[in-house]
Amino acid sequence: MSTIIVYEESKKDFLEDVYQDRIENKILEKLNAGSSEKGAWIDASDYMGKILRDDRFPDDITIAMEFKLYNTAMRVDFIITGLNEKKKNTIIVIEFKRWEKVKVIKDRDDMVKLSYNNITQHPSYQALGYAQIIKNFYVKAQDDKMDVIPCSCLHRYKKNDNNDDITNDHYKELLEKSPVFLNGDNEKLREFILKYIKYGDNKSTLHKLEDGGIKPSKQLQDSIEKMIKGNDEFSMVGMQKDIFENAKKLAYLASTRKTGKKIVYIVEGGPGTGKSVVAINLLGKLLKKYGMNCQYVAKQQNIRDVYATDLKGTYKKTEINTLFSGSGSYINCEKNFFDALIVDEAHRITEKTGYFKMGENQIKEIINSSRFSIFFIDPKQRVHIDDYGTIDRIKLIAQNLNAEVYYDKLDIQFRCSGAEQFISWVEQSLQYEDVAKNEIDMKFLKNYKVKIFDDPNEMKNEIIKQNKIRNKSRVIAGYCWEWKSKEKPNGEKYDIEITPQNDSRLNDDFKMKWNFDNIIWAIDKKSVEQVGCIHTSQGLEFDYVGIIIGNDLRYENGKIITDYLKRAEKDKKYGSMKGMKKLYKINPVEAAKLETELIKNTYRTLLTRGQKGCYIYCTDKNLSKYLKEKLG
């Protein structure tokens, strides 16, 4: 079980720990933290000590801090458990913040602004999300119909006529479900707790959660299936349905066989073959039909955000997010904790996890954590020097873990007519050595729009025009420009700037910013004015894409030339090309091969994001001329 109770004591012992200044040391026995977190613990415990120092609270109610929720990085600040007047287990979830001022954001639900470039969730929304996770995923919370009551506490926030944004009417519906208590609301918070907890539970409530296991609630299962069925983007056709049925059968077999032998299913497919469509449908079916404990897995946060938002319906995104996880989340997971793990974009899996390279091997950790695991993979979408997922590696690791291995290939395009020919055109134009030199029927241009622009302003205007139809068109660029606007996204700094002085084909300056951090770029309506990159667009599809090919790809003497030195400094030092300079010194032949693979794969991936069409602008004039010739 992946929930961890970091601190748990009776009210009586908690008050003694507060008095004796023991809270920090007790938590540090199980959890590493920085000075800011330590200060927050002391702050919260001292404050709650005042609230709970009242004889109306039984001595054997339970106090917990830093309660780690099921298979997430989220920890609940403060929990009080006991029994209500009907002797039913009750949990009060309290999210603490030491904020003294916020600004309301009226164009976004349940979000507040802390500073110029710091937008975050309202603390009552966070508490509500935590409560919903407990109700929707912990079996005993469902079976025993536990009451889970959320609220937030900003004990430093002094409300006055000029500082009432945290309780603004914009948050009225939220605060009815999850109230917020401010500086001076001590008695209100005390009465709020007393309303729900009458008797002690002697630490039984949280241990019931721990021992009862995990299973998504029937209500959540029904809701996810309904939302998938009601979304045309998730409709399956042809071979997609065949793969889906195979995966469903194998998942059920793995979860019910008495031998415990694992099953690993590898599904290879290029752009537009429907890998993600099958993955999302499989998540819904395994939840609904079999009630499995399963997750959709992808390394990139942007993919998880988009699909979680698409499926949230009436649920809070925090709840739905629990069904979605990063590929590095299984380092310490118990063997076979999950019934099924559905891994999308498996080519982006890394060997180790995070900046500090933790864990042993992500593929091994995923297979070990689940009875059934399915990996959707496109070998030509390796775009980062650390990308580790290959078909051969998955097979080898699965066999080493004594798992049965199955393989299938999705090789039929399900986009607009002509898209398959366009992908062949892209691969031939990029001069992949392993691509057949078959003649391409250029009639595909009647159904799939392709245009090479000499002016990126014209391309951008065409994308804005197409985006007005369904908010499904975006400008994307190679990572050849620094992210200067990150510090002040609302300021005057632009990232991608192309002028008539450095490209005579332009009549006016072209200026755009990279995508903002605080929005989901692929679906936010404002995003058409921003430029995405490989990290925000890979794995997602749009109606039309406008691709800016930077100086890392050019055309000379009949050949496509890649040049990693033209990438942004951040990408060379910390991103996709980190370590390339060192590799060139050690093994220049291998480095050149890898550089060519990564850069070509990057632009193949970007150019194939459009379902209906692709517009292209190249900073290299020779490349632009070459692509025009390839289009005839």
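Report on the accompanying structure. None of the values given here were measured: they were computed from a predicted structure.

## Let's talk about the packing of helix 14 (residues 362-369) against helix 15 (residues 391-400)
And step 1. With their axes 10 Å apart at the nearest point, helix 14 and helix 15 run at an angle of 50° to one another. Classed by the angle they form, the pair helix 14 and helix 15 counts as oblique. You can see that helix 14 and helix 15 cross each other, and the crossing is right-handed. Packed against helix 14, whose contacting residues are Ile363, Lys364 and Ile367, the element helix 15 presents Arg393, Ile394, Ile397 and Ala398 at the interface.
And step 2. The residue inventory of the contact of helix 14 with helix 15, partitioned by class, reads five nonpolar, no polar and two charged.

## Brief notes about the packing of helix 16 (residues 419-429) against helix 22 (residues 621-631)
Between two packed helices, what matters for the description is the angle formed by their axes and the separation of those axes.
And step 1. At a minimum axis separation of 11 Å, helix 16 and helix 22 run at an interaxial angle of 135°. On the basis of their axis angle, the class for helix 16 and helix 22 is oblique. Classified by chirality, the crossing of helix 22 by helix 16 is right-handed. Two secondary-structure elements touch here, helix 16 through Trp425, Gln428 and Ser429 and helix 22 through Tyr626, Leu627, Lys630 and Leu631.

## A few points about the sheet that holds strand 4 (residues 89-96)
And step 1. Overall, mixed pairing links the six strands, which are arranged 1-2-3-4-8-9 in an open sheet. Unpaired on one side and paired on the other, strand 1 (4-10) and strand 9 (180-182) mark the two borders of the sheet. Taken over all neighbouring pairs, the strand axes of this sheet differ in orientation by 25° on average, direction set aside.
And step 2. Relative to strand 3 (residues 75-83), strand 2 (residues 62-68) is paired through six bridges, and the arrangement is antiparallel. Following the sheet pairing, Met65 is matched in strand 3 by Phe78.
And step 3. Sheet strands in contact with helix 1 (residues 11-19) are strand 1, strand 2 and strand 3, and its direction is about 95° off that of strand 1.

## Digging into the side chain of Asp455
And step 1. Summarising the element assignment, Asp455 is placed in the loop between strand 16 (449-453) and helix 17 (456-470).
And step 2. Comment: no salt bridge for buried Asp455; closest opposite-charge side chain is Arg505, at 8.6 Å.
And step 3. Engagement of the side chain of Asp455 in a polar contact is seen with the backbone nitrogen of Asn457, the distance being 2.8 Å.
And step 4. Setting aside residues no more than four positions away along its own chain, Asp455 makes contact with Arg505, Leu506, Asn507 and Tyr617.

Parameters and conventions
Residues numbered from 1 in each chain as written. Predicted model: local features only at pLDDT ≥ 70, side-chain atom pairs only at ≥ 80, totals over all residues. Heavy atoms only, no water. Axes fitted to C-alpha atoms, helices over the stretch in contact; angles between N-to-C directions. Helix = DSSP H or I, 4+ residues; strand = E, 2+ residues; numbered from the N terminus. Parallel < 35°, antiparallel > 145°, perpendicular 65-115°, else oblique. Left-handed = near helix turned anticlockwise from the far one by under 90°. Contact = heavy atoms within 4.5 Å. Nonpolar A, V, L, I, M, F, W, Y, C, P; charged D, E, K, R; others polar. Pairing = 2+ DSSP bridges. Buried < 20%, exposed > 50% of the residue type's maximum accessible area, 1.4 Å probe, protein only. Lys, Arg positive; Asp, Glu negative; His and termini not counted. Salt bridge = Lys/Arg side-chain N within 4 Å of Asp/Glu carboxyl O. Polar contact = N/O pair within 3.5 Å; in protein donor to acceptor, adjacent residues only side chain to side chain.

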